[in-house]
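Residues per chain, in single letters:
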Amino acid sequence: MSSPASPRPPAASHQPHVAASTRLPEITLPMLLLSVVLAAVLAAANAYLGLFAGTTVSAAIPASVLSMAVFKLFGGGNILQNNGVQTAASAGESVAAGAIFTLPALILLGAWDHFDYLQTTMICALGGLLGVLFTVPLRRALIIEQPLMFPEGVATAEVLKVGERGGSGAKYIGIAAAIGGAFKMATAGIKLFPESAGQAFMGGGSPAYVGTTLSPALIAVGYIVGLNAAVVIFLGGALNALVVVPAWGLFNDIPAAVTAEWNADTDVVAASFNFIRGSYTRYIRVGTMLVGGLWALVKLRGPLARGIRSGMAAYQKGRAGGGAEVLRTERDIPMNVIVLIALVAAIPVFALFRHFTGGNLGVSAAMTGFVLIAGFLFSAVAAYMAGLVGSSNNPISGVTIATVLTASLLLVALGVHGVGGPIAAIVVGAVVACAAAIGGDNMQDLKAGHLLGSTPYKLQIMQIVGAVGGALVMAPVLNLLHTSYVIGSDKLTAPQASLMASVSFGVFEGGLPWLMVGIGAAIAVVVILVDLALEKAGSSFRIPVMALAVGIYLPVDLTLPIFAGGMIAYAMKRRFTRTGVSGDDAETRERHGLLFGAGLITGEALMGIALAFPIGIAQDTEVMALLDPAEHDWLKFPGLLALGTVGYLMYRVCIARPAATTTA
C-alpha cells in the first residue's frame, strides 16, 4: 500500500464499483427514516463515550453493518443506499464529537447550568451544515486531486462490497469482527485485561512512559495507512513521551507531594508523568497543530483552488446545457448553491454571537466572518488528517484547541474582556468543531462513495440529514448526562472540554504556558524544513508535519499499535518481493488483509457503542467487570500476548495463498 505521505497521482482509469452510467435508487423514504434514527442513536452513544473517555467511535462501519442488516431483514436496499445511510449516521456522530468537545466547557465556566435546547441545536446544526458545504471542494482536492488513503473510508467500501456480493471474502470480515468485538469486551467490558499496557519509569531524574493500547482496530489502521505514515505518527508520540515530558521534568519543579514518593510507588511516577503531560506539554501540540495546519493549507492551496474552479466549471457547464458531460459520480452540490447556503447560514450565526457578546454588532460580525473562514480552513486540516489516520484517531479536539486559542486572541484584540470573552470563544470553537468533525469524518464517506460509485451530491444531502438528526438530540442527551453524572465530575470528566475552558480562560485571565505553545510551533517548523529537504533529495521516506502533529497529540499508547500495523504491511510487501508474488495474486492477498482489518475495526466499533448502554444505565464502568486490572498488574501480559496473536494472524491472512474459489 502506498503511504499517504507521498500520495499517488489520481488514476485516470479509476472505475467505481457501480459504473457512472448505472443508475440505482440512492435516496428513498425508508432509508431517510433509518438514517435519522441511526444518526440520533449513534450520536447519543458517542456523546457519552466522548465525555467519559475523551474519545468517540467512528460510526461509518457500524452504521454500514446495521443498515445492511435492516435492509436485508425487510428485503430491500442496494449498496449505494447502504452507503447513504452510513454517511448520514457518520454525520450525526461527527456533530456529537464537535459538541461534546466544546459545549460542556460552558458548564465548567459557569456560563450555563444546563444545555439550552434552541442554542445547542443551532450551534450543532449550523456547524454541521457548514461542514457539509466545506467538504464539496475538499472532496475534489483530497480524493481526486491528491488522493489520500482515508483508511476507514476504504474499509467501509470493502465492508459494503462484501456484504453485497457475499462469497468467501466475507469470512475475513466476519472472523475479524468477532475478534475485534471480543477484544473490546475483554478490555472495556468484563475486564479480563486492561485497555492499555504500559510502564512509567524514572529516566535521568524525570518520569517517562512507554506503553500500548490493546486495540486490534489500531493495528488495522496502521496496516491501511502504510509504514511511512505509521512510523511518523509513532515518532510524534515517542517524542512527547520519551523526550519532551522528561525534559520538562528536568528543568522544572514537580510538586513535592509527588516527588517524595517516586522511589516507593510506580503509580506515583505515572501520575507525575500524566501531571506534566496534562498540565504543560499538552500545549506543545497546540503550537504544532497551528503551524502544521497552516502548512497543510499552504500545500493544499493548489488542489483546493482547482477543486473550487472545477466545481464552478461543472455548474457553468450545466447551465450551458453541457450537464450530460459531467459524470454522475462527479456531480457535487453546485458551487453557487454552496455559496448561497453559506451566506444564509451566516445570518443565524451572527445572531448567536450577538446574543453571546451582549449585542455588540461589530464583534458579532467579526466573529461570524472568522467562523466562516476558520471553519473552511480547519475542515480542510481535519479532512487531511482523517486521510492519514482515519476518523476514530483524528484529533478534532486539537483543531478545536487551535480555533479556541485563535478566537480568544482575536476577541482580546477586539477589546472583549471579562467573562463574556471565554464564552464567545467557546461558542466559536463549537461551531468550527462541528464543521471540522464533519469535514474529517464525512470525507471518509465521500471516499467510500468514490470507490463505490455513489452520486456525490446525494451523499452530501444525506450528510445534511444526519447532521440535523444528530443536532436535534444533542441538548436532551447532554442534559440527561449532566443530570445523571455531572459534567466535570470523576464520572464524566469531559477532558477536551476542560482543556477548551482552560485555554480560553488562560488567554483572557493569563496563565497560558506560551513557552510550550512556542516549542510546539518550533518543532513543526523544523519538521517542515526536514521534509522539504527529503522531498528535494527524492527520498521515498517523508515526514509530513501533520502526521507528526497527530502523533504528538495522541498518547504514545495509541501510536504504538498503529506503528505495528504499518510494520505488518511492510513485512507483507517484503515477503511478496522475496517469494515473487505480484500482480493479481499480490493484490488479492493485500485485499484480504484489508478485509481482515475492516473486520477488526467493525467489531471493536460495534462493541464499543454497545457497551455504552449498560455502562450508561448502571452509571458504572465496572458493571460487567469480572476482574480489576488495576489490582492485578500481571493481566497486561496476557493482554499483550493476545494483541500480538491478532497481529500475527493478520500477517498470516495477508501472505496466505488465496484459494482458487476465493471471491475477494
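Just so it is clear, the structure is predicted and the values come from calculations on it, not from any experiment. (Residues numbered from 1 in each chain as written. Predicted model: local features only at pLDDT ≥ 70, side-chain atom pairs only at ≥ 80, totals over all residues. Heavy atoms only, no water.)

1. Details of the packing of helix H2 (residues 60-73) against helix H3 (residues 79-100)
What counts is decided by this rule: Under this scheme, a helix contributes an axis fitted over its contacting stretch, all axes are lines through C-alpha atoms, and angles between N-to-C directions fall in the 0 to 180 degree range. A helix here means a DSSP run of H or I that spans at least four residues, while a strand means a run of E at least two residues long, and both kinds are numbered starting from the N terminus. In these notes the angle categories are as follows: under 35 degrees is roughly parallel, over 145 is roughly antiparallel, 65 to 115 is roughly perpendicular, and the rest is oblique. For any pair of crossing helices, the crossing counts as left-handed if the nearer helix is rotated counterclockwise from the farther one by less than a right angle, and right-handed if it is rotated clockwise. By definition in these notes, contact holds between two residues if any of their heavy atoms fall within 4.5 Å.
In the contact formed by H2 and H3, the axes pass within 8 Å of each other and the chain directions differ by 135 degrees. Viewed along their axes, H2 and H3 adopt a mutual orientation that is oblique. Considering how the two elements wind past one another, H2 and H3 form a crossing that is right-handed. Contacts between H2 and H3 involve Ala-60, Ala-63, Ser-64, Ser-67, Met-68 and Phe-71 from the former and Asn-82, Val-85, Gln-86, Ala-89 and Ser-90 from the latter.

2. Some details on a nonpolar patch on the surface
We count it as follows: A patch consists of residues whose relative accessible area exceeds 30% and which take part in no salt bridge; residues with like charges are grouped when within 9 Å of each other, and nonpolar side chains (Val, Leu, Ile, Met, Phe, Trp, Tyr) when within 5 Å. Areas reported here follow the Shrake-Rupley algorithm with a probe of radius 1.4 Å; residue values treat only the protein chains shown as occluding. Think of a salt bridge as a Lys or Arg side-chain nitrogen and an Asp or Glu carboxyl oxygen that are within 4 Å of each other.
Taken together, the side chains of Val-37, Val-41, Phe-613 and Ile-617 present a nonpolar region at the surface, about 400 Å² in accessible area. Looking at the element boundaries, Val-41 is found in helix H1 (residues 29-53).

3. Thoughts on the side chain of Arg-589
The test is simple: The cut-offs for exposure are 20% and 50% of the maximum accessible area for each residue type, with area from a 1.4 Å probe on protein chains only; residues under the lower value are buried, those over the upper are exposed, and the others partly exposed. The term polar contact refers here to a pair of N or O atoms within 3.5 Å; inside protein, the definition further demands a hydrogen-donor-capable atom paired with an acceptor-capable atom, and it admits residues adjacent in sequence only when both atoms are side-chain atoms.
Turning to its location among the elements, Arg-589 is positioned in helix H21 (residues 583-618). For Arg-589, a relative accessible area of 6% translates into the label buried. Of note is the side chain of Arg-589, whose polar atom sits 2.8 Å from the backbone oxygen of Ile-655. Arg-589 has contacts with Phe-576, Val-581, Val-653, Cys-654, Ile-655, Ala-656, Arg-657 and Pro-658, leaving out every residue within four places of it along the chain.

4. Side note on the side chain of Arg-328
With respect to the secondary-structure elements, Arg-328 resides in the loop between helix H11 (266-319) and helix H12 (335-356). For Arg-328, a relative accessible area of 4% gives the class buried. Of note is the side chain of Arg-328, whose polar atom sits 3.1 Å from the backbone oxygen of Thr-22. The contact partners of Arg-328, leaving out residues within four places of it in the chain, are Val-18, Ala-19, Ala-20, Thr-22, Arg-23, Glu-26, Leu-80, Gly-453, Ser-454, Thr-455 and Pro-456.

5. With respect to the confidence of the model for the chain
Going by this rule: The pLDDT score gives, residue by residue, the confidence of the prediction method on a 0 to 100 scale.
Averaged over every residue, the pLDDT of the chain is 81; residues scoring 70 or more account for 85%. Across the chain, helix H22 (residues 636-655) holds the top mean pLDDT of 92, while helix H10 (residues 256-259) sits lowest at 54. Low pLDDT, under 50, characterises residues 1-12; the stretch is placed with 30 contacts to residues that sit more than four places away or in other chains.

6. Things to note about the environment of Val-339
Note on placement: Val-339 falls in helix H12. Judged by its relative accessible area of 45%, Val-339 falls in the partly exposed class.

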